[in-house]
Amino acid sequence: MGQFEIIIMDVKIEQSWKEALQNEFEKDYFVNLTAFVRSEYTSKLVFPEAKNIFAAFDSCPFDKVKVVIIGQDPYHNVGQAHGLCFSVNDGIDFPPSLLNIFKEIERDLQLPMPKSGSLIRWAEQGVLLLNATLTVEAHKAGSHQGKGWEVFTDAVIRALNEKREGIAYMLWGNFAQQKASVVDATRNLILKSVHPSPLSAYRGFIGCGHFSAANNYLRMNNKQEINW
């Protein structure tokens, strides 16, 4: 519990994000969210590990964000979630959506299928891999929705929209597209497609060309392209 208390109660999030989001931590919803999440970690198996709740932010500082990818929930099976949307730890089989993401990268950029499903390599280049809900009870998808995380992650997107520009937003599926409805398309790149899940990937995700489009946009804005 000691590690969890440090992260949640003191909100040990990367410093630039802490400054950008400071007002959120003082609001009633976040206090209530903290109490809920703390109780869940105390009494249940919850993912990701407490130390990784804010991993997406810790590995991609506010002023370094170049691309935003929005997911919904962390993976809810053992060993998968580690704080970055769509990403899994080294040595874990690729979940179906992640496999389709890699298939599109292979098609779009002629890059070989990677050996690891960990996307920390993207985050360290400026890709914010943001789940709308940052925690989940084991084997219960959506179990922490509606508890306040969505309000917090809405604030994340608003902060980026207000204080940053020239960001490529990859919005896959209706949920992500609604989540980023506040983004100013005149100052950022908005890329939309269906979700990469097996249910929809071959109805528009495979063939969307988002990875090359994002890199083209970054290059046009004199930013280093992402090595996908």
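Everything discussed here concerns the structure shown above.
Overview of the structure. (Residues numbered from 1 in each chain as written. Predicted model: local features only at pLDDT ≥ 70, side-chain atom pairs only at ≥ 80, totals over all residues. Heavy atoms only, no water.)

## Describing the layout of surface pockets
(1) Moving on: Here the largest pocket defines a volume of roughly 490 Å³.
(2) Moving on: What lines the largest pocket is a set of 32 residues, and nearest its centre among them are Gln72, Asp73, Phe86, Ser97 and His195.
(3) Moving on: Secondary-structure elements contributing two or more residues to the lining of the largest pocket are strand E2 (67-71), helix H5 (96-109) and helix H8 (174-179).
(4) Moving on: With four residues, the single largest contributor to the lining of the largest pocket is H8.
(5) Moving on: In terms of residue class, the lining of the largest pocket is made up of 15 nonpolar, 16 polar and one charged. (1 Å grid on protein atoms, 1.4 Å probe; cavity = no way out; pocket = protein on both sides within 12 Å on 5 of 7 lines; lining within 4 Å. Points joined across faces, edges and corners; volume = space filled by probe spheres on them. Helix = DSSP H or I, 4+ residues; strand = E, 2+ residues; numbered from the N terminus. Nonpolar A, V, L, I, M, F, W, Y, C, P; charged D, E, K, R; others polar.)

## Regarding the sheet that holds strand E3 (residues 127-131)
(1) Moving on: Across the sheet, four strands lie side by side as E3-E2-E5-E6; this open sheet has parallel pairing. Because the sheet does not close on itself, it has two edges, and the strands there are E3 and strand E6 (189-193). Adjacent strand axes in the sheet meet at a mean angle of 20 degrees when their direction is disregarded.
(2) Moving on: Alignment of E2 against strand E5 (residues 168-172), held across three bridges, turns out to be parallel. Counterpart to Val67 in the pairing with E5 is Ala168.
(3) Moving on: Contacting E2, E3 and E5, helix H7 (residues 149-163) crosses the sheet at an angle of about 150 degrees to E3. (Pairing = 2+ DSSP bridges. Axes fitted to C-alpha atoms, helices over the stretch in contact; angles between N-to-C directions. Contact = heavy atoms within 4.5 Å.)

## Things to note about the nonpolar core
(1) Moving on: Among the nonpolar cores identified, the biggest contains 71 residues, and Trp17, Phe57, Ile69, Trp122, Leu128, Phe152 and Trp228 are the most heavily contacted of them.
(2) Moving on: Each residue touching Phe57, except ones within four places of it in the same chain, is listed here: Ile13, Glu14, Trp17, Leu128, Leu130, Leu134, Phe152 and Val156. (Core = buried A, V, L, I, M, F, W, Y, C linked by side-chain atoms within 4.5 Å. Buried < 20%, exposed > 50% of the residue type's maximum accessible area, 1.4 Å probe, protein only.)

Nothing here speaks to function; it is all geometry.
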